[in-house]
Amino acid sequence: MTTAPLNLLDLPARFRNPALDEPVSSSWPAPRAAAGRPSGELVDSFGRRIEDLRISITDRCNFRCTYCMPEEGLKWLTSDRVLTYPEIVRLARIAVDLGIREVRLTGGEPTLRPGLADLVGELSELPRLASLSLTTNGFLLTKLAGPLAAAGLTRINVSLDSLQHEKFHQITRRPALDKVLAGLEELENHPSISPIKINAVAMRHFSEDEVVAFAKLARRKPYVVRWIEFMPLDADGNWERDRVLTGGEIKEIIERQFMPLVPVPSQDPSSTSNRWRFADGLGEIGFINPVSEPFCGTCNRIRLTADGQIRTCLFSVEEYDLRAPMRAGATDHELADIFHNAVANKEKKHKINEGEQFQRASRSMSQIGG
Ligand code: SAM
Ligand code: SF4
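Residues numbered from 1 in each chain as written. Chains lettered and ligands numbered in written order. Predicted model: local features only at pLDDT ≥ 70, side-chain atom pairs only at ≥ 80, totals over all residues.

1. Side note on the site of ligand 1
Thought 1: Surveying the vicinity of ligand 1 reveals 20 residues, the closest of which are Cys68, Ser159, Met231, Met365 and Gly370.
Thought 2: When residues of the shell around ligand 1 are traced back to their parent elements, those giving at least two are β3 (131–136), β5 (196–202) and α10 (365–368).
Thought 3: Taken together, the residues of the shell around ligand 1 break down into nine nonpolar, nine polar and two charged. (Near = placed C-beta within 6 Å. Helix = DSSP H or I, 4+ residues; strand = E, 2+ residues; numbered from the N terminus. Nonpolar A, V, L, I, M, F, W, Y, C, P; charged D, E, K, R; others polar.)

This is the structure:
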């Protein structure tokens, strides 16, 4: 696998981080050979089968969304702490042997990492992996959509919270709406990446006057628009319950302005979103309501942070280290044991709605990988 540097030339200099232009070293100790492949499905102590792995490949970002990161950014991981691509591929392969069927690459902003398409190419060859997807802010998609499609990416989520230039700038602290919309258009030229989903974080006193424009977009374009409730995962710690605009409230606005929405039956019991179609059949809207309608009971997800820690819940306060044992020469079976142990201890549910019981996660969203 090569680590060809990504052409960041169209990224304005003030968005660039010089450290990201450096190829990441892959010179860690080679794994010890182990007999046979790891096996044994990942089932937690509540009987939930874990089939979805979110892999963060960087904690850095070129945006500063107010609900996620402070204006000045965060203390970034040093490159020696970040998993190399060969390390990520190895852990993903072990996870797939343990029953993971869906891998989603995220960050930080995953498109900032040089050679992303190479990583996608490697992962897409894992047998038994049913879905390989990416969550991105969309800024670099005009350049990357083609290479990612060619490399085997099958699904994508583009985060976009406002269709108004001023408000987009206000929320992301970057004047980049047109660039993101152009990236979405470019995706339309690559139908092997499907569906194209837009994720918008819903915040009271911000999102209400976006709802109609996003609904029109979902009816005019081949994009599935999904509203996500604002969660207490912002690095600034400014989340307040009053700022959560619920999926139910947004659905009411849409139905008042347009027509009834009819439910789209889900094929996937672990899906985070409930899906709706406009009654005339034109356009789909989804709602991800982790605050007003928690879906922890059917959660099938775990996360791997950019520095190689397993997190079993967005709101985890504990992590399980894969990086140190891997770099010390652990076998695939030993690493599989760490996956099993983490999953055995997966939290039953988040406690956002349990007042004093709620404890903030040990890291914020961009450091976890949403
Ligand atoms: N940078 C990429 C992006 O924005 O799509 C990937 C990483 S970002 C952390 C993943 C998702 O988390 C995005 O859809 C973002 O909107 C969402 N997110 C970040 N902070 C959030 C919060 N406090 N509540 C709800 N969603 C949040
Ligand atoms: Fe960056 Fe994504 Fe967080 Fe926005 S939500 S600051 S794009 S990581």
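Text resumes after the structure shown.
2. Regarding the site of ligand 2
Thought 1: Lining the immediate surroundings of ligand 2 are 13 residues, of which Cys61, Phe63, Cys65, Cys68 and Asn137 lie closest.
Thought 2: Here the shell around ligand 2 is composed, by residue class, of six nonpolar, five polar and two charged.

3. A closer look at the packing of helix α3 (residues 141–151) against helix α5 (residues 177–187)
Thought 1: Contact geometry of α3 with α5 gives a least axis separation of 8 Å together with a crossing angle of 25°. Comparing the axis directions of α3 and α5 gives the class roughly parallel. As α3 runs across α5, the sense of the crossing is right-handed. Contacts between α3 and α5 involve Leu141, Thr142 and Ala145 on the former and, on the latter, Ala182, Gly183, Glu186 and Leu187. (Axes fitted to C-alpha atoms, helices over the stretch in contact; angles between N-to-C directions. Parallel < 35°, antiparallel > 145°, perpendicular 65-115°, else oblique. Left-handed = near helix turned anticlockwise from the far one by under 90°. Contact = placed C-beta atoms within 7 Å.)

4. Brief notes about the pairing of strand β10 (residues 301–304)
Thought 1: Burial of β10 is two-sided: the residues Arg301 and Arg303 facing one way and the residues Ile302 and Leu304 facing the other way are all buried.
Thought 2: Relative to strand β11 (residues 309–311), β10 is paired through two bridges, and the arrangement is antiparallel. Its bridge partner being in β11, Arg303 is matched across the sheet by Arg311. (Buried ≥ 20, exposed ≤ 12 C-beta atoms within 10 Å, placed from the backbone. Pairing = 2+ DSSP bridges.)

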